[in-house]
Amino acid sequence: MKWKFAKSMLIASIIMPLLAYGTPAHAKELSQPEWVVDVAKGTWSLPTIHNWGIVKDSQGNESLLGLKTAANKNYLENIDPTTGQIRWSIPQDFGFFPSEDGYIFMVEKKNQISAMHLASGKKLWTSTLPFSQEPYDSYYYYENMYPGDNGSLYVVSDSKDHKSTLYYYDSAGHKTKKYTVPYLIVNIEGDYVFAKTYNDDPNTYIINLATGKKIRTVTDGNSYLPVNVLKDGTLIAQNVAKNTLTLKAFNPSGQLKWTKKLPYVNGRTEVYTLQDRFLFIDGKSDTLKLYASDGKLISSKSYKPIGTGYNRYWSLAYVAKDQQSFMFTVNKGNKYEIIIMDSKNLNVIKSFTEDEYYNNSDYELLNNKTDLYIIDSYGKGISKYDLHNM
């Protein structure tokens, strides 16, 4: 889920340019793709804002969600990533945003909100929103709506006196009012609600999602830095002051677990969650540092990642969908080297090089350590590669 006022550095984007063919001894060229989809009529692209890559549901079904434009009409399509077959294609006359567990929510006319199972294309429920909402296209971010689990949904309604009321739609679409808090809710992630009193409030209020009770107040120092949530429920709050990044970790009850002070260089320092670990890109010493949720260092490697290409919004790294691997780019003289690392130990899985990395505009998705998907920038082809066979 995303922040209202600024996107998390964790999830800057999940799209990036094509990794071109490598020439050094340790690099290998891409093998033949497992499958290719040729778009004969119209063009196919990834939704700009809601680009979640491969979405996997509880039954193991994976979906690649995209937009097809043909004859001046838009269609929402679901491609089976295993075979390249199109599961379904429907006219896209609604706004939409997917969940991370295989569902999609559609904002339709007359303030209606619907939930559909991605793999099957079956609509599960339709209900009404607690406020007026236009069905914007896929380029709009529905900032007050947060997918839950199994087709459920949380919707936030803000009042003029800067309070937020949280509504819950269960897996059958039944709407209930959970509670009202004296803050503006800006994000929901895991079992937590994050809120502020105003846009630039240096304080973030961490609230228990189930009860609505505040469990902790943290000072961000920089309101555009998020509070990260690890898989084991550990909260990591960030504060930047005088070129120092202070990380404070709290348990689910809001009790302080540890504090860590790290160097901060604007534009060259980022923090990414990787399941029950987190990656710190140290822009001062040009080092990648992997930490466990208890704050202990797991591994450290000397690299200087650089922001590459508009498709990645100048983020320093790209985390695969399953968070078991990640990509980044380094400058190698007249070439650029793209490195895929294991997020458990920082071991290099694959690496590629190319001469003109910044000029590439194809879209690439890394689902896990082996599955690479490339969408042609002209929207005329989609390919899947198996990195395991390289």
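Residues numbered from 1 in each chain as written. Predicted model: local features only at pLDDT ≥ 70, side-chain atom pairs only at ≥ 80, totals over all residues. Heavy atoms only, no water.

**Q** Explain the sheet that holds strand β9 (residues 112-117) to me, please; I cannot follow it from the model alone.
**A** Across a sheet, paired strands are connected by hydrogen bonds in the backbone, their directions being either parallel or antiparallel. Ordered in space as β7-β8-β9-β10, the four strands form an open sheet in which the pairing is antiparallel. Each having just a single partner strand, β7 (95-98) and β10 (123-128) make up the two edges of the open sheet. Strand-to-strand twist of the sheet, defined as the mean angle between neighbouring strand axes without regard to direction, takes the value 20°. As paired elements, β9 and β10 share five bridges and run antiparallel to each other. Across the sheet, alanine 115 pairs through a bridge with tryptophan 125, a residue of β10. (Pairing = 2+ DSSP bridges. Helix = DSSP H or I, 4+ residues; strand = E, 2+ residues; numbered from the N terminus. Axes fitted to C-alpha atoms, helices over the stretch in contact; angles between N-to-C directions.)

**Q** How should I be thinking about the side chain of aspartate 80 in this particular structure?
**A** Note that aspartate 80 resides in the loop between β5 (73-79) and β6 (86-91). Overall, the relative accessible area of 16% leaves aspartate 80 in the buried class. When near neighbours in sequence (up to four residues on either side) are disregarded, aspartate 80 contacts Trp35, Glu62, Gln85 and Arg87. (Buried < 20%, exposed > 50% of the residue type's maximum accessible area, 1.4 Å probe, protein only. Contact = heavy atoms within 4.5 Å.)

**Q** I would appreciate a short explanation of the packing of aromatic side chains in the present structure.
**A** We describe a pair of aromatic rings using the distance from one ring centre to the other and the angle between the two ring planes. Under the counting rule described, the total for this entry stands at twelve aromatic pairs. Geometrically, the ring pair formed by tyrosine 154 and tyrosine 168 is tilted, given 5.0 Å between the ring centres and 45° between the ring planes. In this pair, tyrosine 154 is assigned in strand β12 (residues 153-158) and tyrosine 168 in strand β13 (residues 164-169), connecting sequence segments 14 residues apart. A relative accessible area of 13% means that tyrosine 154 is categorised as buried. Assessed through its relative accessible area of 23%, tyrosine 168 is described here as partly exposed. Arranged with centres 5.2 Å apart and planes meeting at 70°, the rings of tyrosine 303 and phenylalanine 328 form a pair that is edge-to-face. Here the residue tyrosine 303 occupies a position in the loop between β26 (297-302) and β27 (318-319), and phenylalanine 328 occupies one in strand β28 (residues 325-332), the gap between them amounting to 25 residues. Judged by relative accessible area, tyrosine 303 falls into the partly exposed class, the value being 22%. Given the relative accessible area of 0%, phenylalanine 328 is considered buried. (Phe/Tyr/Trp six-rings, centres within 6.5 Å; stacked < 30°, edge-to-face > 60°.)

**Q** Which parts of the structure should I look at to understand the nonpolar core?
**A** Side chains that are nonpolar tend, in soluble globular proteins, to be buried together. In this structure, Trp44, Leu64, Leu365, Leu366 and Ile382 are the most contacted members of the largest nonpolar core, which totals 22 residues. Mapped by element, the contributors of at least two residues to this core are β1 (35-38), β31 (363-366), β32 (371-375) and β33 (381-386). At four residues, the largest contribution of residues to this core is made by β32. With 15 residues, the next largest nonpolar core counts Tyr272, Leu279, Phe328 and Val330 among its residues. (Core = buried A, V, L, I, M, F, W, Y, C linked by side-chain atoms within 4.5 Å.)

**Q** Just checking my understanding: could you explain the side chain of aspartate 386 for this structure?
**A** Along the chain, aspartate 386 falls in strand β33. Although aspartate 386 is buried, it forms no salt bridge, and the closest oppositely charged side chain is lysine 384 at an N-O distance of 7.1 Å. Sequence-distant contacts of aspartate 386, defined by excluding residues within four places in its chain, comprise Ser31, Glu34 and Thr370. (Lys, Arg positive; Asp, Glu negative; His and termini not counted. Salt bridge = Lys/Arg side-chain N within 4 Å of Asp/Glu carboxyl O.)

**Q** Looking at this structure, how should I read the environment of asparagine 111?
**A** Relative to the elements of secondary structure, asparagine 111 occurs in the loop between β8 (103-108) and β9. Given the relative accessible area of 24%, asparagine 111 is considered partly exposed. Each C-alpha atom, one on asparagine 111 and one on threonine 128, is 5.7 Å from the other, the two residues being 17 residues apart in sequence. Look past the residues within four positions of asparagine 111 in its chain and what remains in contact with it is Ser127, Thr128, Leu129, Phe131, Ser132 and Gln133. Within the structure, the side chain of asparagine 111 is placed 3.0 Å from the backbone nitrogen of glutamine 133, a separation counted as a polar contact. (Polar contact = N/O pair within 3.5 Å; in protein donor to acceptor, adjacent residues only side chain to side chain.)

**Q** Is there a simple way to think about the confidence of the model for the protein in this case?
**A** In the predicted model, the protein carries a mean pLDDT of 85, and the fraction of residues at 70 or more is 85%. Segment residues 1-25 is flagged for pLDDT under 50; beyond a separation of four residues in sequence, or across chains, it makes 109 contacts in the model. (pLDDT = per-residue confidence, 0-100.)

**Q** Teacher, can you tell me more about the sheet that holds β1 here?
**A** Spatially, β1-β33-β32-β31 is the arrangement adopted by the four strands of the open sheet, whose pairing is antiparallel. If you trace the sheet from one side to the other, it starts and ends with β1 and β31, each paired once. Geometrically, the sheet is characterised by an average inter-axis angle of 15° between neighbouring strands, direction not taken into account. Taken together, the four bridges between β31 and β32 define a ladder with antiparallel strand orientation. In the strand pairing of β32, leucine 365 is matched with tyrosine 373.

**Q** Quick question: what am I supposed to make of unusual backbone geometry here?
**A** Peptide bonds are mostly trans, and most non-glycine residues show a negative phi. We note that alanine 71 has phi near 55°; this positive angle belongs to a residue other than glycine. Note that alanine 71 resides in the loop between β4 (62-70) and β5. Even without glycine at this site, asparagine 243 takes up a positive phi of about 60°. Along the chain, asparagine 243 turns up in the loop between β20 (235-241) and β21 (244-250).

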